[in-house]
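Listed here are the chains, written in short residue letters.
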Amino acid sequence: MGSFYSDHRTWLHAVSASLKLILLAIFGTALFVFDNTVVLLACTALCLLFFASLGRATLPARKLLTMVVAAGLLITAFHAYMQQPLLGLVSALRLLSASLLGIALMLTTRANDLLDVLESWLSPLNRFGIRSNALALQLALMLRFTEHFFIQWKRLDDAHRVRTGKSGGFKLLAPLTIRMLTSAQRVADALDLRLPP
Amino acid sequence: MTSSRSSGLAYVSLFAALVAVFGLIPKIDLPLGVPITLQTLGVMLAGCMLGPKKALQALLLFLAALALGLPLLSGGRGGLGVFVAPASGYLIGFPIGALATGLLMAYLPVSSPRRAAVSAFVASAVGGVLTIHICGVIGLVALAKLSWTQALWGTLVFVPGDLIKCVLCAIVVHSVARGLPDWRFGGRAFR
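Not measured: the values here are computed from a predicted model.

Caption draft 1: Inspection of the overall build of chain B at higher detail. Secondary structure summary: chain B contains 7 helices and 2 strands in total. In sequence order, chain B lays out its α and β elements as α-β-β-α-α-α-α-α-α. Looking at the 191 residues of chain B, the share that counts as buried comes to 62%. For chain B, the proportion of contacts with a sequence separation of at least 24, taken over those separated by at least 6, is 73%.

Shown next as structure tokens:
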């Protein structure tokens, strides 16, 4: 599976994965709490500055970011058409800010480090009979699959564009599902070799 | 041969990711405070493809990731705050809807791609639409302080869109039934 992780070292690489996850959780919640446009504009500006501070490490995520910006513009345009321009702007700002923070996390944190943090956070659940290591592994797999979905969608969409000259849209949903199911089976095969009996 | 434990881990994570991916696709807000998103399509697909137990696990995993603060809901929302928002009834309804869809899919006929598609439509309509909307209405009454009539009329706005999602789910199930003939829908014989 492909990864957004950038080997180009930045200051954020030196910050621990646990601190990054905690800050992401706090800011993610804060973005939802505020619905004042000025506050959200300031938050988005801060997120943009923060993201820009990563410099060349952000290059692998350029396409994804373009898609997010396009989505934000579409949301704003749609809500403007529905006579709710401010609501559209608030939604687009939240989307952009949260995406910038999420992408920054993916660019600067190895999956293994995330897995270790999640496992330690979930370890109190062991007392209740829930295997925290399995749950942490599932969370990590989920994050990797989320990323993989976008990569596979892009490949299918590019192939569709080459054949027909236009985007595939919902027509790609079925082939994407089949591809992802096959990928998941390969992951299951690999897990089978690694997991204890 | 891959053990059911490994397959379970991988497929549960895959469908939790699918619901997350649908959340990253832009939402449309309605004045009621409830967004129209594609995430319920992920709930329907999880139920139809994985069966009740694994679908329930997939959606609980998704909610756990949300609670940890990951911005996986439409519009980049995440954190514990989303569980007390007006639309949180719908969110709590996701695992229940996936369970209901999976239970139905496990009993409906899937002997041919066409039958599997029809069964998927029925299971999605009952589990992914009816069940989630019942939870959503309860949430709107409890948290948004709407009357039962207001909440019921409000939720009806989403039904046509949700029925389109049921059709999409049936189309995907039909394609998977043709492309992966060994796939056992509703978790009948999880490999």
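Caption draft 2: Here's a closer look at the overall build of chain A. Of the regular secondary structure elements, chain A holds 7 helices and 0 strands. Counting only C-alpha atoms and orienting by the principal axes, one finds that chain A spans roughly 60 × 45 × 35 Å. Burial analysis of chain A (197 residues in total) assigns 34% to the buried set. Pairs at least 24 residues apart make up 67% of the contacts formed inside chain A by residues separated by at least 6 positions.

Caption draft 3: Fine view of the environment of A:Gly102. As for its position among the elements, A:Gly102 is in helix H4 (residues 85-108). Put simply, A:Gly102 and A:Leu156 are 54 residues apart on the chain and 24 Å apart in space, counted from C-alpha to C-alpha.

Caption draft 4: How the structure looks around the interface of chain A and chain B. With 43 residues of chain A at the interface, the matching set in chain B holds 39 residues. Broken down by secondary-structure element, the contributors of at least two residues to the side of chain A that touches chain B are helix H1 (17-33), helix H3 (62-81), H4, helix H6 (132-164) and helix H7 (173-194) of chain A. With 12 residues, the single largest contributor to the side of chain A that touches chain B is H7(A).

Caption draft 5: Local environment of the environment of B:Val141. All names here are of chain B. Of note, Val 141 is situated in helix H5 (residues 113-143). Separated by 52 residues in sequence, Val 141 and Gly 89 place their C-alpha atoms 9.3 Å apart. Residues contacting Val 141, with those up to four places away along its chain left out, are Leu 146, Trp 148 and Ala 151.

Caption draft 6: Quick peek at the confidence of the model for chain B. For chain B, the average pLDDT comes to 84, and 85% of its residues sit at 70 or higher. Taken together, the chains of this predicted complex give a pTM of 0.73 and an interface ipTM of 0.82.

Caption draft 7: View of the nonpolar core. Residues B:Phe15, B:Ala16, B:Ala58, B:Cys169 and B:Val173 are the most contacted members of the largest nonpolar core, which totals 111 residues. Of the residues forming this core, the biggest block, 14 residues, is contributed by helix H1 (residues 4-24) of chain B. Mapping this core onto the domain boundaries places at least three of its residues in each of domain 1 (1-109) and domain 2 (118-197) of chain A. Other than its neighbours up to four places away in sequence, B:Phe15 contacts B:Gly42, B:Leu45, B:Ala46, B:Met49, B:Leu50, B:Ala55 and B:Ala58.

Caption draft 8: Up close: the packing of H1(B) against helix H3 (residues 52-67) of chain B. Residues and elements named next belong to chain B. Between H1 and H3, whose axes approach to 8 Å, the crossing angle comes to 55°. Between H1 and H3, the crossing angle belongs to the class labelled oblique. In the packing of H1 onto H3, the handedness of the crossing is right-handed. Only Lys 54, Ala 55, Gln 57, Ala 58, Leu 59, Leu 61, Phe 62 and Ala 65 of H3 make contact with H1, whose side of the interface consists of Gly 8, Tyr 11, Val 12, Ser 13, Phe 15, Ala 16, Val 19 and Ala 20. Considering only residue class, the contact of H1 with H3 consists of 12 nonpolar, 3 polar and 1 charged.

Caption draft 9: Focus on H5(B). All names here are of chain B. The terminal C-alpha atoms of H5 lie 42 Å apart, and with 31 residues this matches the ideal 45 Å at 1.5 Å per residue to within 8%. Where H5 bends most, the angle comes to about 30°, and this point is Ser 124. With its phi angle positive at about 55°, Lys 145 sits one or two positions after the end of H5.

Caption draft 10: Local environment of the packing of H5(B) against helix H7 (residues 159-179) of chain B. All names here are of chain B. H7 packs onto H5 with a crossing angle of 145° between their chain directions and a minimal axis gap of 8 Å. As for how H5 packs across H7, the hand of that crossing is right-handed. Of the residues in H7, those in contact with Pro 113, Arg 114, Ala 116, Ala 117, Ala 120, Phe 121, Ser 124, Ala 125, Gly 128 and Val 129 of H5 are Val 159, Asp 162, Leu 163, Cys 166, Val 167, Cys 169, Ala 170, Val 173, His 174, Ala 177 and Arg 178. Of the residues in the contact of H5 with H7, the class split is 15 nonpolar, 3 polar and 3 charged.

Caption draft 11: Structural context of the environment of B:Pro109. Within the fold, B:Pro109 resides in the loop between helix H4 (88-107) and H5. Through-space distance from the C-alpha of B:Pro109 to that of B:Leu61 is 28 Å; in sequence the pair is 48 residues apart.

About the criteria used
Residues numbered from 1 in each chain as written. Chains lettered and ligands numbered in written order. Predicted model: local features only at pLDDT ≥ 70, side-chain atom pairs only at ≥ 80, totals over all residues. Helix = DSSP H or I, 4+ residues; strand = E, 2+ residues; numbered from the N terminus. Buried ≥ 20, exposed ≤ 12 C-beta atoms within 10 Å, placed from the backbone. Contact = placed C-beta atoms within 7 Å. pLDDT = per-residue confidence, 0-100. Core = buried A, V, L, I, M, F, W, Y, C linked by C-beta atoms within 7 Å. Domains from an automatic or database assignment. Axes fitted to C-alpha atoms, helices over the stretch in contact; angles between N-to-C directions. Parallel < 35°, antiparallel > 145°, perpendicular 65-115°, else oblique. Left-handed = near helix turned anticlockwise from the far one by under 90°. Nonpolar A, V, L, I, M, F, W, Y, C, P; charged D, E, K, R; others polar. Expected span 1.5 Å × (residues − 1). Bend = angle between axes of the 7 residues up to and from the residue.

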